Amino acid sequence: MVKVIVGTQFGDEGKGRAIELLAPDVSVVARYQGGANAGHTIYVNGEATVFRLVPSGIIYPHILCVMGNGMAIDIAELINEFELLKSKGIKFEHRFFISQLANVVMPYHKVRDDTAGSIGTTHKGIGPCYEDKYARKGIRIIDLIYPELLKLKLTQNLQSTNFDSIYEQYKDFGEYIAPYVADTSLLLNQWIDDGKEVLLEGAQGLLLDIDHGTYPYVTSSHPHSGGACCGLGVAPTKIDEVIGITKAYITRVGNGPLPTQLPIELEEKIRAKGKEYGATTGRPRRCGWLDAALGKRAIMLNNIKKIILTKLDVLDDLSEIKICTTYKSENSKLFPICELASGVEPSYETLPGWKTPTTHIKNYNDLPRAAKNYIERIKELLNVEIMAICVGPTRENTILV
Ligand code: IMP
């Protein structure tokens, strides 16, 4: 089986939880887009560790990990993560593969990234790296392996005085990563044909997709499940299922519309309880009520039938909870992803809160009635099955449904 994991909101839905949940049965985890703009917190021996580039499957010794051609890879960050893995005793030789076709984030990309600050990017050089990719002057992983290619490509990109130092540094990077570089599309297709269980993981979320998100306040790649096909070289007909990850409320970092954003006091409460600070930049995340009208768009575009609902426990203290079911404007019942998005006014349904801790709960039936009502309403509005509900930060705090 080949499954794609997609965030149905603005990223930070907790996609790492899906990997945790599915890991025992999975042989391969492959990441298809984005770069060090993402960040997933993984618990290694009970200790929270943030990875930005390597797929979250890396902590499981039986899982083969792939960084796909659709990614924008910052090699210095990657080497830091390799060192971090080594320091935690995680062995990844012979089970970690980097696509030779992935693009490399160069120092000059970071300098060019959102200099006006109007989008509120992560300043990791992601946008400029993809710009160069589409201008067909990007530097790819394969170029680092062959110094003469690297020199040629750098000459096309760089006139500055620091040419030599960048060339030397990236040549060394090439030597460091060479043992992991592979034709990953070939490997993946072979593994899929051999019947391995494969998970394709996106970064960010559908509403940050360059085409289907709230343009221009988006990332520069395709978190959409279709991004998995191009970003890994896997045909759409080989994908069996798309699993959505939805947080029990919504968050967004950076600028752009967030129709259900909470009033400041409540927002701060949720932010503190949910530790809603960017894993990459540390910026406070904007927080809002769950937006089903926005979620429905993500469900439709990815043909999602099942979701994992994360961070339900963050709502434990509230006396009432709202869900945006639609928008007041006649012609925008679904989230309008174009410029109209900034003007929409949500229509809310208000449900009673449960005001009881849920983190210790293991069985769906043991959840308070009001929590079950909230979950049932989400299911109904999004027209999906719920596979699992996360009620705390670790794998133990998961209710399988
Ligand atoms: P960029 O991806 O750094 O170009 O940033 C573009 C937009 O996507 C900004 O609003 C970022 O805050 C947002 N973004 C990028 N990566 C993530 C992520 O992993 N989680 C949430 N937001 C992200």
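Cut-offs used in this document
Residues numbered from 1 in each chain as written. Predicted model: local features only at pLDDT ≥ 70, side-chain atom pairs only at ≥ 80, totals over all residues. Heavy atoms only, no water. Near = heavy atom within 4 Å. Polar contact = N/O pair within 3.5 Å; in protein donor to acceptor, adjacent residues only side chain to side chain. Nonpolar A, V, L, I, M, F, W, Y, C, P; charged D, E, K, R; others polar. Domains from an automatic or database assignment. Pairing = 2+ DSSP bridges. Helix = DSSP H or I, 4+ residues; strand = E, 2+ residues; numbered from the N terminus. Contact = heavy atoms within 4.5 Å. Axes fitted to C-alpha atoms, helices over the stretch in contact; angles between N-to-C directions. Buried area = accessible area lost by both parts, 1.4 Å probe. Salt bridge = Lys/Arg side-chain N within 4 Å of Asp/Glu carboxyl O.

Looking now at the site of the ligand. Taken together, the neighbourhood of the ligand is formed by 15 residues, with Asp12, Asn37, Thr122, Thr219 and Arg283 sitting nearest. Here an oxygen atom of the ligand sits 3.4 Å away from a polar atom, N or O, in the main chain of Gly120. Take Val253: an N or O atom from its main chain is 3.0 Å from an oxygen atom of the ligand. Looking at the shell around the ligand, its residues break down into six nonpolar, seven polar and two charged. Formed jointly, the shell around the ligand draws a minimum of three residues from each of two domains, domain 1 (2-238) and domain 2 (244-400).

The next thing to look at is the sheet that holds strand 10 (residues 198-201). In space, the ten strands of this open sheet follow the order 9-7-5-2-10-1-11-15-18-19, with mixed pairing throughout. Each edge of the open sheet carries a strand with a single partner, namely strand 9 (181-182) and strand 19 (398-400). One ladder, built from four bridges, connects strand 15 (residues 306-310) with strand 18 (residues 385-390); its direction is parallel. Across the sheet, residue Lys306 finds its bridge partner in strand 18, namely Glu385. Contacts from helix 8 (residues 184-193) reach strand 1 (2-7), strand 2 (28-31), strand 5 (64-67), strand 7 (96-99), strand 9 and strand 10 within the one sheet, and its direction differs from that of strand 7 by about 130 degrees. Packing of helix 12 (residues 369-382) onto the sheet brings it into contact with strand 15 and strand 18, and relative to strand 18 it is tilted by some 140 degrees.

The next point concerns the domain arrangement of the protein chain. Examined at the domain level, the protein chain breaks down into domain 1 (2-238) and domain 2 (244-400). Computed from C-alpha atoms alone, the centre-to-centre distance between domain 1 and domain 2 is 27 Å. Contacts between the two partners involve 43 residues from domain 1, matched on the other side by 42 residues from domain 2. Taken as a group, Thr8, Phe10 and Arg17 account for 22% of the area that domain 1 buries against domain 2, more than any other trio of residues on that side. Inspection of the region where domain 1 meets domain 2 yields one salt bridge. One salt bridge in this structure joins Asp12 and Arg285, with 3.3 Å as the shortest N-O distance. Summed over the shared surface of domain 1 and domain 2, the result is 20 residue pairs in polar contact (both at pLDDT 80 or more).

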